[in-house]
Amino acid sequence: MLSESHPVSRAVSRDDDLDGDTLREECGVFGIFGHPDAAAITALGLHALQHRGQEAAGIVTFDGARFHAERKLGLVGDSFSQRDVIERLTGRNAIGHVRYSTTGETVMRNVQPLFAELDAGGFAVAHNGNLTNGLTLRRALIREGAICQSTTDTEVILQLLARSRKPRIVERFLDALRALEGAYALVCLSNKKLIGARDPFGIRPLVIGELDGRFILASETCALDIIGARFVRDVEAGEVVVVTEDGIESLRPFPTVPERPCVFEYIYFARPDSIVNGKSVYEARKNLGAQLAAEAPADVDVVVPVPDSGVPAAIGYAQASGVPFEMGIIRNHYVGRTFIQPTQSVRELGVRMKHSANRGVIAGKRIILVDDSLVRGTTSVKIVRMMREAGAKEVHFRIASPPIKHPDFYGIDTPERDKLLAATHDLEAMREYIGADSLAFLSIDGLYRALGFAGRNPDRPQFTDHCFTGEYPTGLTDLGIESPKRLALLAEAD
């Protein structure tokens with residue numbers, strides 16, 4: 001049923017990224033039904049979603065008789081820009097995935113979409129998010145005789161689907177969803193259907209588009225823009241959509257709960273040109289900066305963003321405060337991870353490979369650095385030091401989100417709580433640690449005001465904001481389970 005190629009490529013180690021001092025993207029999903037150029041369009045869509053995961057990419061197509069799969073470690077453009085690869089992916093229906101792993105190692109057997117042959121036919125699934133009961137379900141399934149081929153929680157979905165006794169594939173899929181806890185946006189492909197699903201709280205995003213009369217599912221609207229597709233609407237929280245030759249059908253298998261999309265889509269994850277849940281990400285980030293300027297002003301000469309993620313917020317801060325905006329830090333977009341050697345002395349220089357001071361803008365000035373978030377603080381230390389070495393008279397740091405004090409369990413790879421700077425230091429200690437003259441964060445109510453609300457509703461929060469508040473919208477079944485460092489006994493070579 002499935003033809004598949006497995007390339008040889010180097011897995012990207014997250015240890016290569018300096019000190020892990022960043023929030024890591026989740027994943028991106030894409031699907032199209034009934035288009036003659038399905039594979040090529042899916043590859044383009046994945047290009048647009050590359051920011052959501054850079055470890056691996058995969059595409060599965062169906063040609064009416066067989067499924068075809070290409071799954072590769074590395075970037076989309078490294079593998080899916082080649083004509084022979086696209087030509088192997090025959091068929092008018094396709095789904096694709098870009099991956100940053102939050103569960104499971106970065107090895108070929110974890111690269112999505114995952115595929116299974118069921119008695120009802122083939123079924124492929126691509127998943128953005130994280131199941132908070134995935135380990136519990138996995139252990140129960142293995143005790144009952146299931147054989148797991150990967151270490152990713154996504155495989156649990158296929159196992160549940162295979163064990164359902166419902167007669168139709170959509171009914172089996174709904175059966176599987178009812179067992180899941182956590183966050184997910186799913187794009188799936190069967191012999192006759194393209195299926196999309198969003199968790200009951202709508203934590204992870206998923207949109208519907210249309211191109212040449214054919215329906216598309218994607219994590220963000222930027223994936224529609226790159227192929228010239230029309231945005232139709234968001235898949236709503238708790239909704240399952242089924243695309244066939246007859247059109248699109250909407251199913252509501254869950255009791256309605258208040259929607260709580262992830263607020264980090266607006267702060268960090270989504271591309272600035274995307275529209276998420278009806279809001280422009282770029283405008284949202286400018287509003288975050290403007291609100292930050294109102295809450296934490298400073299007597300300075302220039303506003304400098306920490307590129308690239310801090311740029312829209314810095315523009316908003318500058319416009320609201322009347323302080324000039326300047327690109328005081330230049331980012332090198334062509335730094336290769338493999339160049340940085342694993343010695344401490346060279347790693348210390350790594351920040352200068354990614355960011356360099358624009359001395360003509362910095363020297364003799366009082367500056368405000370604006371960034372989107374502060375995680376461990378190690379990169380911030382180096383950037384503040386760089387600004388002082390470039391001649392800045394004063395360096396003030398402003399963060400366009402509240403302090404991150406709690407880890408994520410929904411598909412964002414955050415450090416453990418004791419590695420989060422705001423969880424272990426008060427504001428003055430954080431300021432002293434990074435070496436700034438002053439430090440301020442956006443307030444939690446300010447975050448909500450910037451996103452169009454009067455403030456945070458403590459009884460019914462409008463967003464999933466647990467990294468700031470510690471309030472998780474779903475159960476965390478696996479939290480009390482000591483997870484083994486390695487779920488599998490098989491070690492794979494690169």
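Anything mentioned here points back to the structure above.
Everything numeric here is computed off the predicted structure, so don't read it as measured data. (Residues numbered from 1 in each chain as written. Predicted model: local features only at pLDDT ≥ 70, side-chain atom pairs only at ≥ 80, totals over all residues. Heavy atoms only, no water.)

Strand order in the open sheet made by the four strands is 17-20-21-22, with parallel pairing throughout. Each edge of the open sheet carries a strand with a single partner, namely strand 17 (302-305) and strand 22 (438-441). Neighbour-to-neighbour, the strand axes of this sheet turn through a mean angle of 25°, independent of strand direction. Contacts from helix 10 (residues 311-321) reach strand 17, strand 20 (366-371) and strand 21 (394-399) within the one sheet, and its direction differs from that of strand 17 by about 165°. On top of the sheet, helix 15 (residues 427-434) reaches strand 21 and strand 22; it is set at about 125° to strand 22, its chief contact. (Pairing = 2+ DSSP bridges. Helix = DSSP H or I, 4+ residues; strand = E, 2+ residues; numbered from the N terminus. Axes fitted to C-alpha atoms, helices over the stretch in contact; angles between N-to-C directions. Contact = heavy atoms within 4.5 Å.)

Attention shifts here to the nonpolar core. Within the largest apolar cluster, 42 residues are counted, with the highest numbers of intra-cluster contacts made by Phe264, Ile267 and Leu447. Listed in part, the 30 residues of the second largest apolar core include Leu137, Ile169, Leu174 and Val242. (Core = buried A, V, L, I, M, F, W, Y, C linked by side-chain atoms within 4.5 Å. Buried < 20%, exposed > 50% of the residue type's maximum accessible area, 1.4 Å probe, protein only.)

So, on to the pattern of salt bridges. Enumeration according to the criterion identifies 26 salt bridges in this entry. One salt bridge connects Arg163 with Glu144, and the closest N-O pair in it is separated by 3.2 Å. Here Arg163 is found in helix 5 (residues 154-163), whereas its partner Glu144 is found in the loop between helix 4 (134-143) and helix 5, with 19 residues between them in sequence. Judged by its relative accessible area of 30%, Arg163 is partly exposed. For Glu144, a relative accessible area of 55% corresponds to the exposed category. In this structure, Arg271 and Asp273 form a salt bridge, with 2.7 Å as the shortest nitrogen-oxygen distance. Judged by its relative accessible area of 28%, Arg271 is partly exposed. Among the residues examined, Asp273 registers a relative accessible area of 40% and is labelled partly exposed. Through salt bridges with shared partners, one network takes in Arg52, Arg204, Glu220 and Glu265. (Salt bridge = Lys/Arg side-chain N within 4 Å of Asp/Glu carboxyl O.)

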